[in-house]
Amino acid sequence: MITWERLRVFAAVARFGSVSEAAAALHITGPAVSQHVRKLEKEVQCQLVERDGRGIRLTSAGHILAGSAHTMVSTLADAERDLANLHGLVAGPLRIGGVASVLRTLVPDVLHRLIERHPRLEPSLRDGEAVDMIPMLQARQLDAVVTESWDHHPAHLPPGVRTTLLMHEDAQLAVPEGHPLAGREFVALDELHGELWTSCPAGSDAHEALRQLLRAHEVEAEVRYCVSDYATQLHLVAAGLAVTLVPRVVRASAPGSVRFVPCRPTVSRSVLVATGTETETPRVRAFLAEMSRVANLPEQHP
């Protein structure tokens, strides 16, 4: 007898090609995932996965079963959505992914208010880059992804993903106190030759946006420090190790020895919430409404 729980776990393993990633998406341990797969193989009397370097790959039998498992996971998600919409109940799991800068500054207050108003809501968070999380949204492993789109490097989202604009904000150059540019009214982008940079990891929207922006002004960025968290980037700047571009939403928390200089031309990004067009439930709509409310509050810091 094939159980639903083992099929659900196997669908995640097939989707990610990794026990550890499937475990993270399902909020269970890696050994528990492996145990489910082994028991499922005994039940169907077929080998479903085999090792492939550090990961795993599906066998022929695994591919056959994965198709049915994905269909069942999608069907159940549709049923849960339809029932939730019928009753308008804001309850159950709300799985949110997003870029760290927005998760830190906006999302905690949003979740606190939502839990106060809807005690049966069960939110969870994971940070990361859109390139990793949008596929999870498509696979219904996440309900919403808070992401960014730079004006000069727009995010390309696949069909079936809907976006809600939260805010549009400028980004300024962050330099250490005493830097030659620290006292400037503004800096032209083509003046930034020879600087050492800190930025988000290669492959992220922010990293690619920085490189594309500077190349457009004939500047090749030497990104020496790749960290996903803007707070860490700002401490690297404060230590005199690098410069970086920082969106408005994170500037208020910068160390006192960091100075911000507006850029010419202006550099801006939009902050968005991505959701599936077929998977918006009352809990997702409540999250979108509260995120929009918080994002549009008057600024608390200059």
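Reading guide: rules and limits
- Residues numbered from 1 in each chain as written.
- Predicted model: local features only at pLDDT ≥ 70, side-chain atom pairs only at ≥ 80, totals over all residues.
- Heavy atoms only, no water.
- UniProt positions renumbered as here; feature names shortened; annotations may be inferred.
- Helix = DSSP H or I, 4+ residues; strand = E, 2+ residues; numbered from the N terminus.
- 1 Å grid on protein atoms, 1.4 Å probe; cavity = no way out; pocket = protein on both sides within 12 Å on 5 of 7 lines; lining within 4 Å.
- Points joined across faces, edges and corners; volume = space filled by probe spheres on them.
- Core = buried A, V, L, I, M, F, W, Y, C linked by side-chain atoms within 4.5 Å.
- Buried < 20%, exposed > 50% of the residue type's maximum accessible area, 1.4 Å probe, protein only.
- Arc of directions from axis to C-beta.
- Contact = heavy atoms within 4.5 Å.

Summarizing the sequence annotation, UniProt attributes the feature "domain: HTH lysR-type" (unreviewed entry) to residues 2-59 in the numbering used throughout. Secondary structure over residues 2-59 splits into 62% helix and 14% strand, and the C-alpha atoms at its two ends are 18 Å apart.

Within this structure, the stated rule accounts for two cavities of 30 Å³ or more. What the largest cavity holds in volume is close to 90 Å³. Every residue lining the largest cavity is counted, 13 residues in all, and those nearest its centre are Trp150, Ser199, Ala206, Leu210 and Leu245. Where the lining of the largest cavity is concerned, the elements lending two or more residues are strand E8 (196-199), helix H8 (205-215), helix H9 (230-238) and strand E10 (244-247). The element best represented in the lining of the largest cavity is H8, accounting for four residues. Considering only enclosed or pocket space, the second largest cavity measures out at about 60 Å³ in volume. The wall of the second largest cavity is formed by Val99, Ala100, Ser101, Glu129, Glu148, Cys200, Ser228, Tyr230 and Arg269.

Counting residues in hydrophobic clusters, the biggest one holds 33 residues, and the most contacted among them are Leu173, Leu192, Trp197, Leu245 and Val267. Looking at this core, the elements with two or more residues in it are strand E6 (161-176), H8, H9, E10, helix H10 (248-251) and strand E11 (258-261). Per-element accounting of this core gives the leading share, five residues, to H8. Counting residues in each nonpolar core, the second largest holds 32 residues, with Ala22, Ala25, Met133 and Val161 among its members.

Okay, helix H6 (residues 107-117) next. Along H6, the residues classified as buried are Val107, Val110, Leu111 and Leu114. Projected down its long axis, H6 shows its buried positions confined to an angular sector of 95°, all on one face. Residues of H6 that are exposed and point over 90 degrees away from its buried face: Asp109, His112 and Glu116. At its buried positions, H6 is contacted by strand E3 (92-98), helix H5 (100-105), strand E4 (121-127) and helix H11 (282-295).

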